[in-house]
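What follows is each chain in one-letter form.
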Amino acid sequence: KAQWNPHEIDSFLTYLISVKSAMTGMGFKEATFNEAAKYIENLRTVGPVKTGVHCKNKWAMQIYNTIELYQSHKSGCHWDNECGANI
């Protein structure tokens, strides 16, 4: 199981922001996640060395957690599973 420290997460997301033009829909191609793993490899303090698969799973969880957080703050916010936030 991959364990992420805060510096790895920050650097991982910073890397993805720097290559956001490579996005396809809501995600990135496998090659982008493989490059992200190389980008953060020297930041590891615990757990295994991150792979492209670890990075892809982390990205998916970041999206999921953001949606969950948005859904939990219902005051003035619209959400449905068909159109999302309609944005």
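Model, not experiment: these values are computed from the prediction.

Basis of the calculations
Residues numbered from 1 in each chain as written. Predicted model: local features only at pLDDT ≥ 70, side-chain atom pairs only at ≥ 80, totals over all residues. Heavy atoms only, no water. Helix = DSSP H or I, 4+ residues; strand = E, 2+ residues; numbered from the N terminus. Buried < 20%, exposed > 50% of the residue type's maximum accessible area, 1.4 Å probe, protein only. Contact = heavy atoms within 4.5 Å. Areas by Shrake-Rupley, 256 points an atom, 1.4 Å probe, with all protein chains shown as cover. Polar contact = N/O pair within 3.5 Å; in protein donor to acceptor, adjacent residues only side chain to side chain. Core = buried A, V, L, I, M, F, W, Y, C linked by side-chain atoms within 4.5 Å.

Draft legend 1. Quick look at the overall build of the protein. Looking only at helices and strands, one finds 3 helices and 0 strands in the protein. Ordered by position from N to C terminus, the α and β elements of the protein give α-α-α. Across the 87 residues of the protein, 26% fall into the buried class. Across the protein, contacts joining residues at least 24 apart in sequence account for 53% of those joining residues at least 6 apart. Within the structure as shown, the protein displays about 6,300 Å² of accessible surface, and the carbon and sulfur contribution to it stands at 56%.

Draft legend 2. A look at the side chain of Lys50. Within the element layout of this structure, Lys50 appears in the loop between α2 (30-40) and α3 (52-72). Among the residues examined, Lys50 registers a relative accessible area of 5% and is labelled buried. A polar atom in the side chain of Lys50 sits 2.9 Å from the side chain of Glu8. In this structure Lys50 touches Ala2, Gln3, Trp4, Glu8, Ala37, Ile40 and Arg44, once residues within four positions along its chain are discounted.

Draft legend 3. Just the nonpolar core, in detail. One finds Ala2, Trp4, Phe12, Tyr15, Leu16, Phe28, Phe33, Ala36, Ala37, Ile40, Cys55 and Trp59 forming the largest nonpolar core, which totals 12 residues. Broken down by secondary-structure element, the contributors of at least two residues to this core are α1 (6-18), α2 and α3. For this core, the element with the highest residue contribution is α2, accounting for 4 residues.

Draft legend 4. Spatial organisation of the environment of Pro6. Position of Pro6 among the secondary structure elements: in helix α1. Residue Pro6 is classed as exposed on the basis of its relative accessible area of 68%.

Draft legend 5. Representation of the environment of Ala36 in the model. Mapped onto the fold, Ala36 is located in helix α2. A relative accessible area of 0% means that Ala36 is categorised as buried. C-alpha of Ala36 to C-alpha of Thr14: the two residues are 22 residues apart in sequence and 9.7 Å apart in space. Setting aside residues up to four positions removed in sequence, Ala36 forms contacts with Phe12, Tyr15 and Cys55.

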